[in-house]
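Examining the three-dimensional arrangement
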Amino acid sequence: VGSWELASEDNGSLKVLKEAAEYLRSKDTPVGFPTETVYGLGADATRSASVKGIYSAKRRPQDNPLIVHVSDLDMLRRLLAPEMNGSANTQQTDVIPEIYKPLISRFWPGPLTILLPNSEPSKLAPEVTAGLKTFGARMPSSPLALSLIKLANRPLAAPSANASTRPSATTASDVLEDMDGRIELILDGGSCQVGVESTVVDGLCSPPVVLRPGGVTLDEIRSCQGWEDVQIAYKDHAETNGKGEAPRAPGMKYKHYSPKARVILYEAFVADGAKGISQEDLAKIEALATSAHQAGQASTNIGVIRTEKWTSGAGLRCGSLQAKGKSQDGVVELDVQESELLNKEGAVVGKLFDLSIGQDAKSVAQGLFQALRELDRRKPDLIFVEGIPDKNDIAAAVMNRLRKAAAEIRS
Ligand code: TXA
Ligand code: MG
């Protein structure tokens, strides 16, 4: 796997980027590349063989369609009106539906995916749309992603670059972790700024709907003309009262965002407005650790992801279980604090891995997938995650991912 770093005024980088673009045009194995949301696994969206390469690298079900990434609006117009050249056709009605204009001008390039009618005949490989009459399109804001698409001069179909069911990848090494041996090239652009995927909206129906919460918030979408009455078509949002409609974005019915360990999400104190993991919740952690221990497990290793930082020397106490650790001053984000879990008698019953990803929703979004992966590498039996208040901001995207990761039944 080749590695590439974005460095300004580095002609070597441009050379590698050009090579990656040429690779995308000619080879059938996808390329890992950064976007501002998460890393993508990109392939030429116009060639079946290369799009098939995505599904096999990801081990992704074939009926889950892919997002098409474009570098400019003319590239998008060519997909919507195959027999006409969009740019040479500005006098006639624009092939981009009017409803999307306010969103495009405000959020593109950026973390928003819009559903568009596929043209007939289609310019996209049929595997992109998985048999649907629409396709999802997005113009990412990452300069590296935009340059890659522009240099390849092809729309790039790209799902998140994780193996199917795993947490999305927000660093090049996360991509490598899942894709080693399956792909040949990853462009390393550092950590992703947003950290959760794009918001997916459908403006082809009335009223328009949000199919997946993401980097652009519901409040932001609502403030756009024609989108004031946007409905929520995913299940876990407060406004749908947990009842939401049947999945309209096919990806919603699959197991998602899951680390290997079982995830337990604490939402209780979100409602209480309390901060941090309460004594009561810690008691639940203890009960679980104890019962696993009694069930004959030699040791129970537990991961905790929370918003507050581990305070030096504090240790984590839960009922009669106690975590005694070598705690440090000046905890760096995504620094995992490791300590021993002791029972009442002082015997070591397992380990505790404690990780803080910050207080505000933006930093939680940024660190979430990395935190899940970071803990998972330590092979805990359980990962407890502290929920954050689910408002119409990026917290909705965070909680949506966490609820899926924590769901026992994913059907
Ligand atoms: O931020 C993102 O959107 C990232 C980066 C790489 O751009 N991509 C991403 O792709 O998250 P993926 O494949 O992991 O998720 C795409 C989502 C799925 O939920 C899929 O079902 C939905 O978009 N989708 C794609 N095309 C669709 C269509 N025609 N109709 C309904 N939903 C669609
Ligand atoms: Mg995904």
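Up top is the structure.
The structure presented is a predicted model; accordingly, all values stated were derived computationally and were not measured.

**Here's the deal with the pairing of strand 15 (residues 337–342)**
Pairing of strand 15 with strand 16 (residues 348–356) involves 6 bridges; the strand directions are antiparallel. Paired with glutamate 340 across the strands is lysine 351, a residue of strand 16. Between strand 15 and strand 16, which pair antiparallel and follow one another directly, the connecting turn spans 5 residues, one of which, glycine 346, has a positive phi of 85°.

**A word on the sheet that holds strand 3 (residues 67–69)**
Spatial strand order, 7-1-2-6-3-5-4-8-9-10: 10 strands in an open sheet with mixed pairing. Either end of the sheet is taken by a strand with one partner, and the two such strands are strand 7 (185–186) and strand 10 (231–232). Here helix 3 (residues 73–80) sits on the sheet in contact with strand 3, strand 4 (112–117) and strand 5 (134–138), set at roughly 175° to strand 5.

**Regarding the pairing of strand 9 (residues 209–212)**
Note: strand 8 (residues 199–202) against strand 9, 3 bridges, orientation antiparallel. By the bridge assignment for strand 9, valine 200 is matched with arginine 212. The hairpin formed by strand 8 and strand 9 contains 6 residues between the paired strands. Here strand 9 runs beside strand 10; their pairing, made up of 2 bridges, is parallel. Of the residues in strand 10, the one forming a bridge with valine 209 is glutamine 231.

What counts, and where the lines are drawn
Residues numbered from 1 in each chain as written. Chains lettered and ligands numbered in written order. Predicted model: local features only at pLDDT ≥ 70, side-chain atom pairs only at ≥ 80, totals over all residues. Heavy atoms only, no water. Pairing = 2+ DSSP bridges. Helix = DSSP H or I, 4+ residues; strand = E, 2+ residues; numbered from the N terminus. Contact = heavy atoms within 4.5 Å. Axes fitted to C-alpha atoms, helices over the stretch in contact; angles between N-to-C directions.

Keep in mind these values describe shape, not function.
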